[in-house]
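Survey of secondary and tertiary structure
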Amino acid sequence: MQLSPRTMARVALFTALCVAAAVFFRFGGNLVPFSLVPFVVFLSGFLLPPREAFLSMALYVLLGLLGLPVFATPPFGGPAYVFRPTFGFLLGFMLAAPCVAFFSRGKKGPLKVATAVVLGMVALYLPGILYFFLAMNTFLGKPMGFSNVLRIAFLPFIGPDVVKAFLAFLLAQGVVRRMEGKR
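Now for a quick tour of the structure. Source: prediction; values computed, not measured.

Examining the side chain of Thr73
With respect to the helices and strands, the residue Thr73 is situated in the loop between α3 (50-65) and α4 (87-103). On the accessibility criterion, Thr73 (1% relative accessible area) is buried. At a separation of 2.5 Å, a polar atom in the side chain of Thr73 contacts the side chain of Tyr81.

This is the structure in structure tokens:
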């Protein structure tokens, strides 16, 4: 797969934004932190084509798995991060960004944006919650019911993440208008 310099620059920019959002804007406990990464995930989906949105999130995850301290919870990076219960959310980022990009292509009316946000949330949360449940109940040896997983890893975050998604859409619209005005 050949990537143009422009594509590489856009992918690198959104990867860097993801790193900044995870490293500088994280709050809360070590198990499931509140961060601005979902904002960047949705922003990349609204501004990039699906392939580039996927590549930017995949590069973010790859950098972390290679050992760079780019993730929001300790150990902040390295291959052992796959044993963190929140690793599934990283996989969800890689699914959500291209999902939003695909479903929000073209003219973005309210229904199209809402559909992209809902499907993006499903793509983000489904692997995240399932991995969290499996991790806690298998290799981490800390049995936890599914309702508890939802209480810890879903309910406190879904509302703020929907707000982040719509704020990302508004920012993306401003960027697009600005870019169109400069052409």
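Describing a nonpolar patch on the surface
Residues Val118, Val122, Leu126, Leu130 and Phe146 make up a contiguous nonpolar surface patch of roughly 440 Å² in combined accessible area. Per element, the largest residue contribution to the nonpolar patch is 4 residues, and it comes from helix α5 (residues 110-137). Along the chain, Val122 turns up in helix α5. Looking at Val122, the relative accessible area reads 44%, which means it is partly exposed.

Looking at the pattern of salt bridges
If you walk through the whole model with that rule in mind, you get 2 salt bridges. Here Arg10 makes a salt bridge to Glu52, at a shortest N to O gap of 2.6 Å. Linking Arg10 in helix α1 (residues 5-24) with Glu52 in helix α3, this pair joins segments that are 42 residues apart in sequence. For Arg10, a relative accessible area of 29% puts it in the partly exposed group. Between Lys164 and Asp161 there is a salt bridge, with the nearest N and O atoms lying 2.7 Å from each other. Linking Lys164 with Asp161, this pair stays in helix α7 (residues 155-181), spanning 3 residues, or about one helical turn.

A closer look at the packing of aromatic side chains
One pass over the full model with this rule turns up 10 aromatic pairs. Judged by centre distance (5.5 Å) and plane angle (80 degrees), the rings of Tyr60 and Phe71 are edge-to-face. Placement of Tyr60 in helix α3 and of Phe71 in the loop between α3 and α4 is noted, with a sequence separation of 11 residues between them. For the pair shown, Tyr60 and Phe71 are each scored as buried. Ring plane angle 80 degrees and centroid distance 5.5 Å describe the contact between Phe83 and Phe139, whose orientation is recorded as edge-to-face. Placement of the pair is Phe83 in the loop between α3 and α4 and Phe139 in the loop between α5 and α6 (146-153), with a sequence separation of 56 residues. A relative accessible area of 42% places Phe139 in the partly exposed class.

Cut-off values and rules
- Residues numbered from 1 in each chain as written.
- Predicted model: local features only at pLDDT ≥ 70, side-chain atom pairs only at ≥ 80, totals over all residues.
- Heavy atoms only, no water.
- Helix = DSSP H or I, 4+ residues; strand = E, 2+ residues; numbered from the N terminus.
- Buried < 20%, exposed > 50% of the residue type's maximum accessible area, 1.4 Å probe, protein only.
- Polar contact = N/O pair within 3.5 Å; in protein donor to acceptor, adjacent residues only side chain to side chain.
- Patch = residues over 30% accessible without salt bridge, like charges linked within 9 Å, V, L, I, M, F, W, Y side chains within 5 Å.
- Areas by Shrake-Rupley, 256 points an atom, 1.4 Å probe, with all protein chains shown as cover.
- Salt bridge = Lys/Arg side-chain N within 4 Å of Asp/Glu carboxyl O.
- Phe/Tyr/Trp six-rings, centres within 6.5 Å; stacked < 30°, edge-to-face > 60°.

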